[in-house]
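Inside the fold
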Amino acid sequence: MSTIDRHSTAQLIDGKAIAAKVHAEVRAEVAALRSQGLTPCLAVVLAGDDPASAIYVRNKVRACEATGVQSVSHVLPATTTTRELIALVDRLAADPAVHGILVQLPLPPGCDTDAVLACVPPAKDVDGFHPANLGALAIGTPALVACTPAGVMRLLAETDTPLDGARAVVLGRSRIVGRPMALLLLNANATVTVCHSRTRALADELRRADVVVAAIGRPRFVQGDWIRPGATVIDVGMNRLPDGTLCGDVDFDAVRAHARALTPVPGGVGPMTIAMLLSNTVRAARAQATTEARPR
Ligand code: GUN
């Protein structure tokens, strides 16, 4: 199946098809590990009643089932305290049958997110949010990398987007997307600019970019004439408009007339986040099995 639709002005990057390819790779790796007696296992912690989080977690658990990864869900009420969350994460951290721990964000109001995430051992941090994993990425020795930025890198690779020496602009500086994204692009030898809400002359920064990754959470923010002809544009945004429709951070119709390639929303980056979570879980399981087998 082609992962690019070549009939439109910009090539549409088919995240669903590329995610399906990653799922197939994961399924084969899991089958091989299971035959050696190792079943990769992901523990998912969902606290509170955020409806979007419940849907994300359900999709993650289903993807585990579809690829043979074992998953164990821990669903907790909105009244859960930081102390209770830390006790659960500590228990999962000590359990040798659990290879990956995912604490779905946002946590309920009043919970100390940093304190909870710091208790996830870096080796089981399949979200790549622990300071040790972000630090490893920053010094160019990545271990477990945040799923959405890792998925964007796979989309860029699958669409033969040159990064070595390319000018890349990342719009947004969050811990989950913008910062790790910028580091991954830098590690791939791109010249990286990070833009955010305080950036001056933002459109001028974007007009120089060969690659744009938009992750600012503002519906249809990126305009067509901000995009250099031939640029590759990755839209990480997932915004719900008042009429209920979903849209990205990019004005899709306008940007499509300028870009070489563009991700749709939905069906672009979204499916890749879950695919990379599975991939990270398999990687974590394999690394833990290897570490345990090593003589001390
Ligand atoms: N909430 C929104 N995106 C994510 C994600 O990638 N991981 C986790 N744990 N929570 C999220």
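Below or above, wherever it landed, is the structure these notes cover. Everything numeric here is computed off the predicted structure, so don't read it as measured data.

**Here we look at the packing of helix H1 (residues 15-35) against helix H2 (residues 51-67)**
At a closest axis distance of 9 Å, the pairing of H1 and H2 adopts a crossing angle of 55 degrees. One element, H1, and the other, H2, form an angle in the oblique class. Seen from H1, the contacting residues are His23, Val26, Arg27 and Val30; seen from H2, they are Ala63, Ala66 and Thr67. Grouping the constituent residues of the contact of H1 with H2 by class yields 4 nonpolar, 2 polar and 1 charged.

**Side note on the site of the ligand**
The full set of residues close to the ligand is Lys60, Leu102, Val103, Gln104, Leu105, Asp127 and Phe129. Residue Leu105 places a main-chain N or O atom 2.9 Å away from a nitrogen atom belonging to the ligand. At 2.5 Å, a side-chain N or O of Asp127 approaches a nitrogen atom of the ligand. The cavity where the ligand resides is the largest pocket. A breakdown of the residues in the shell around the ligand according to their chemical character gives 4 nonpolar, 1 polar and 2 charged.

**Re the pairing of strand E6 (residues 167-171)**
Judged by how many residues are buried, E6 sits mostly within the fold: 4 of 5 residues are covered. Relative to strand E7 (residues 191-195), E6 runs parallel, the two sharing 5 bridges. Of the residues in E7, the one forming a bridge with Leu171 is Cys195. In this fold, the crossover linking E6 to E7 by way of helix H7 (residues 178-187) has right-handed handedness. Sheet topology places E6 next to strand E8 (residues 211-214); 4 bridges connect them, and they run parallel. Paired with Val170 across the two strands is Val213, which belongs to E8.

**Focus: the environment of Asp90**
Structurally, Asp90 is set in helix H3 (residues 82-94). As for Asp90 and Pro121, which are separated by 31 residues in sequence, their C-alpha atoms are 8.8 Å apart.

**Some words on empty space enclosed by the protein**
Counting across every chain of the model gives 1 cavity of 30 Å³ or more. Of the volumes computed, that of the largest cavity is approximately 40 Å³. As for the largest cavity, its lining consists of Ile101, Leu102, Val103, Leu117, Val120, Asp125, Asp127 and Phe129. For the lining of the largest cavity, the leading source of residues is strand E5 (residues 100-103), giving 3 residues. Broken down by class, the residue content of the lining of the largest cavity amounts to 6 nonpolar, no polar and 2 charged.

Rules used throughout
Residues numbered from 1 in each chain as written. Predicted model: local features only at pLDDT ≥ 70, side-chain atom pairs only at ≥ 80, totals over all residues. Heavy atoms only, no water. Axes fitted to C-alpha atoms, helices over the stretch in contact; angles between N-to-C directions. Helix = DSSP H or I, 4+ residues; strand = E, 2+ residues; numbered from the N terminus. Parallel < 35°, antiparallel > 145°, perpendicular 65-115°, else oblique. Contact = heavy atoms within 4.5 Å. Nonpolar A, V, L, I, M, F, W, Y, C, P; charged D, E, K, R; others polar. Near = heavy atom within 4 Å. Polar contact = N/O pair within 3.5 Å; in protein donor to acceptor, adjacent residues only side chain to side chain. 1 Å grid on protein atoms, 1.4 Å probe; cavity = no way out; pocket = protein on both sides within 12 Å on 5 of 7 lines; lining within 4 Å. Sits in = over half its atoms within 2 Å of the grid points. Buried < 20%, exposed > 50% of the residue type's maximum accessible area, 1.4 Å probe, protein only. Pairing = 2+ DSSP bridges. Right-handed = clockwise from strand over helix to strand, strands pointing away. Points joined across faces, edges and corners; volume = space filled by probe spheres on them.

Everything listed here is a matter of coordinates, which is why it stays silent on function.
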